[in-house]
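Listed below, chain by chain, are the residues.
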Amino acid sequence: MKQRFIKLVLAPLLLGVYSCSSGFYDEVFSPSDSQKVFEGRYVDTHYLKTKTSTSEGEAIYLIGYTSVKYFGEEADSVIKLWDEYRNEIEKAGCYYIEGATARIYLPLKNAIVYINGKKYVGDNEGKVFLDEGKTVESIKLAGRAKTEKSVYTKFRSKIKPSSSIRERNAYFFNLGYRRMSCCHSERTSGKRSLSESSSGDISCVENHLPYRNCTEAFPQYAQGRCETRYDRCMDYNGWGTDCSGSRLYFLNSDCGVAVYNGECWNEIGMRGE
């Protein structure tokens, strides 16, 4: 099947209050040239809003992206599904669709980064501030700081940015393909402390303790399409869902919305594209 590029317009969610574009995203994302590919500056520049310096120092924007990909019969099904919900995808923003792969952009909230060898912790919009006059010579993503609704996460190895837009002080980090089974219901409390986790080992039901999953932790993102379960992640109640638990319906599920709002990115196993 011929690959389809979906034009993404950064606009408010259908729910009204919560929008992918909150924080620092704007502009029309319209990859009309079929020769353009996922990787590189073309995709990134249409996702980022220009920011100016503040009195606190120079704002550095930390942006991540993860991908979900389907194969075989699942690929055929999800391509039809995304075509059917194309308008909703456009309104939601934050998604870039190519064939049976969806890239999801998100702010790296509360990220732990090392800039020029010094440790910084991002704010709740994925920003860090450098002292006036300082420039970024090197930057690496090391994990996520503990918050009221997410555990401290330390990556096995620091991650360099996959791309950057220096004139906008923006750095993009490839979080790899999202494991569609990452939001399983099993807890692994006997294997390690739940206050500290390595990337790829943490699940939705562990990340948000004492909340049972991201739906309970972030009720503002609940989509309400299926009966809510708390023994697993609600990562299957997205557009077109049949409430069977199928991973085909990740986009705009409770988990999917929480991901692109930067709430669950530390659950994602780092796997190269």
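Look above for the structure.
Cut-offs and rules
Residues numbered from 1 in each chain as written. Predicted model: local features only at pLDDT ≥ 70, side-chain atom pairs only at ≥ 80, totals over all residues. Heavy atoms only, no water. Helix = DSSP H or I, 4+ residues; strand = E, 2+ residues; numbered from the N terminus. Buried < 20%, exposed > 50% of the residue type's maximum accessible area, 1.4 Å probe, protein only. Disulfide = S-S within 2.5 Å. 1 Å grid on protein atoms, 1.4 Å probe; cavity = no way out; pocket = protein on both sides within 12 Å on 5 of 7 lines; lining within 4 Å. Points joined across faces, edges and corners; volume = space filled by probe spheres on them. Nonpolar A, V, L, I, M, F, W, Y, C, P; charged D, E, K, R; others polar. Contact = heavy atoms within 4.5 Å. Polar contact = N/O pair within 3.5 Å; in protein donor to acceptor, adjacent residues only side chain to side chain.

Caption draft 1: The environment of G99, seen in detail. Note that G99 resides in the loop between strand 4 (95-98) and strand 5 (101-107). When its relative accessible area of 14% is taken as the criterion, G99 is described as buried. Each C-alpha atom of the pair G99 and W82 lies 9.5 Å from the other, and the pair is 17 residues apart in sequence.

Caption draft 2: Broad picture of the state of the cysteines. Inspection of the entire model under this criterion finds one disulfide. What pairs with C226 in a disulfide is C243, and their sulfur atoms sit 2.1 Å apart. Taking the torsion about the sulfur-sulfur bond, which here is approximately -85°, the covalent link between C226 and C243 counts as left-handed. Residue C226 is located in the loop between helix 5 (214-217) and helix 6 (254-260), and its partner C243 is located in the loop between helix 5 and helix 6; the two are separated by 17 residues in the primary sequence. According to the relative accessible area criterion, C243 is partly exposed, its value standing at 37%. A disulfide-free cysteine, C233 has its sulfur positioned 3.4 Å from the sulfur of C255, the nearest such atom. You can call C233 buried: its relative accessible area is 0%. With relative accessibility at 0%, the residue C255 sits in the buried group.

Caption draft 3: Up close: empty space enclosed by the protein. In total, this model carries two cavities of 30 Å³ or more according to the counting rule given. Counted as a void, the second largest cavity has a volume near 40 Å³. Around the second largest cavity, the lining residues are L81, W82, Y85, W239, L248, Y249, F250 and L251. In the lining of the second largest cavity, the residues fall into eight nonpolar, no polar and no charged.

Caption draft 4: Summary view of the side chain of N252. Here N252 lies in the loop between helix 5 and helix 6. Residue N252 is classed as buried on the basis of its relative accessible area, which comes to 5%.

Caption draft 5: Quick peek at the environment of D123. Position of D123 among the secondary structure elements: in the loop between strand 7 (118-121) and strand 8 (127-130). Taking the C-alpha atoms as reference points, D123 and L62, 61 residues apart in sequence, are found 9.8 Å from one another. Setting aside its immediate chain neighbours within four residues, D123 contacts K109, N110 and F129. At 2.8 Å, the side chain of D123 and the backbone nitrogen of E125 are in polar contact.

Bear in mind that shape data such as this cannot, by itself, settle questions of function.
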